Amino acid sequence: MRMLELNRCYCADAVAGLKQLEAESVNCCVTSPPYYGLRDYGVAGQIGLEPSPEGYISRMVEIFREVWRVLRDDGTLWLNMGDSYANDGKWGGKTGGKQAYLDDNNRKRVGREKSITGLPPKSLIGIPWMLAFALRADGWILRQDIIWAKPNPMPESVRDRCTKAHEYIFLLSKSPHYYFDAEAIREPAGDWHDSLFQDGKNLAIHPNVGKQARSGNAARKYGDERGRPSSHLGASVPWEGNTRNKRDVWTISTKPFKEAHFATFPPELIKPCILAGCSEGGTVCDPFMGSGTTLVTANELDRNCIGFDLNPDYCDMANRRRDRAMAQQSLFRKEIKDS
Ligand SMILES: C[S@@+](CC[C@H](N)C(=O)[O-])C[C@H]1O[C@@H](n2cnc3c(N)ncnc32)[C@H](O)[C@@H]1O
């Protein structure tokens, strides 16, 4: 009874969109909702600009209740979230409160209220953990906090604290026993691991693999020329060298998608979530699709994907990006077949 075609992003509010999906039809949800108080996405009904953190958290809990409904009982939620600082009285810019402007189509007035955290200025709000605990109280099993460590964080001019260089990915499940393909995301063991596994850059060549250049499907099957195991690239063929269970600190550089003016997932960040959380041919969901990184990455890994975004321009961007990526992939597959 699924009413929407898979492998598209639909323009809808997250809750309204999810309501159109059949219960228990999704293997895993991989998503990055708007962070609290960070950005105005220029569309009425957006989440993230609620006056209080509590208001934001309760909207998020409501959205993830709908994610719970569409997730299979053995499904998982991989939720990326960063923190914000209390800045009471500063939100709203020069207007000192409601900052209103016309959206792209000159239709609706959108804006933000002054934030009321009740915290002293400069205080870290702790939004990721507020959200994690609220979801746990709502029935989710809070299974893990994965640290996304960024070698290239946003520069900050602060002199009274360290530069923030991490975010969280919370792994949550509906049941104590859930689908988790640990084999697909095992990582190479040994001292060379760290240099090898940072972003696919400056990678060492592991002695156990051939040095013949490999990319695309060949790499997916045999591991690539830099020694990264095939699982890193999306295949389920085990790596030949020593491996270990994947660790919970993932060092991955941010990688902007040039058409988007907001933070997008680096594909390398969500590959392990998709590989571990969804079998081939299964379905991944992202209710905050943005530029469509989850859609493109899931499809590249032979998983289906469906998602939503409130901003029609972002939906178009996501669908165009997906169509381009699929056209490139089928061309590449044809070349491999013909050669
Ligand atoms: C952090 S961005 C997601 C970026 C995405 N992970 C990527 O790689 O491009 C958050 C997105 O949520 C969308 N959004 C905000 N409020 C929403 C709502 N109520 N329902 C659906 N989408 C919403 C914004 O338009 C924005 O594109």
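About the criteria used
Residues numbered from 1 in each chain as written. Predicted model: local features only at pLDDT ≥ 70, side-chain atom pairs only at ≥ 80, totals over all residues. Helix = DSSP H or I, 4+ residues; strand = E, 2+ residues; numbered from the N terminus. Buried ≥ 20, exposed ≤ 12 C-beta atoms within 10 Å, placed from the backbone. Contact = placed C-beta atoms within 7 Å. Arc of directions from axis to C-beta. Near = placed C-beta within 6 Å. Nonpolar A, V, L, I, M, F, W, Y, C, P; charged D, E, K, R; others polar. Pairing = 2+ DSSP bridges. Axes fitted to C-alpha atoms, helices over the stretch in contact; angles between N-to-C directions.

*Asks:* Help me understand the environment of Glu268 in this model?
*Replies:* Secondary-structure assignment places Glu268 in helix 7 (residues 267-277). By the C-beta count within 10 Å, which is 18 here, Glu268 ends up partly exposed.

*Asks:* How should I be thinking about the environment of Ala12 in this particular structure?
*Replies:* For Ala12, the position within the fold is in the loop between strand 1 (8-11) and helix 1 (14-19). Taking the number of C-beta atoms within 10 Å as the measure of exposure, Ala12 has 20 and is therefore buried. Ala12 has contacts with Gly17 and Phe308, leaving out every residue within four places of it along the chain.

*Asks:* How should I be thinking about helix 3 (residues 127-137) in this particular structure?
*Replies:* Each turn of an α-helix holds 3.6 residues, which means side chains three or four residues apart point in the same direction. Among all positions of helix 3, only Ile127, Pro128, Leu131 and Leu135 are buried. Mapping the buried residues of helix 3 onto a view down its axis gives an arc of 100°, with all of them on the same face. Structurally, helix 3 contributes buried residues whose contacts are with helix 2 (53-70), strand 3 (71-81), strand 6 (141-149) and strand 7 (166-173). Trailing helix 3 by a residue or two, Gly139 shows a phi angle of about 120°, which is positive.

*Asks:* Help me out: how do you make sense of the site of the ligand in this one?
*Replies:* Inspection of the region around the ligand gives 23 residues, with Thr264, Phe288, Gly290, Ser291 and Thr293 positioned closest. The residue inventory of the shell around the ligand, partitioned by class, reads 13 nonpolar, 8 polar and 2 charged.

*Asks:* Can you help me understand the sheet that holds strand 12 (residues 304-309) in this one?
*Replies:* Paired through their backbone hydrogen bonds, the strands of a sheet run either parallel or antiparallel. Strand order in this open sheet of 8 strands is 1-12-11-2-3-7-6-10, and the pairing throughout is mixed. The strands lining the two open edges of the sheet, one partner per strand, are strand 1 and strand 10 (249-251). For this sheet the average axis-to-axis angle between neighbouring strands, irrespective of direction, equals 20°. Bridging between strand 3 and strand 7 involves 6 bridges; their strand directions are antiparallel. Its bridge partner lying in strand 7, Asn80 is registered against Ile169.

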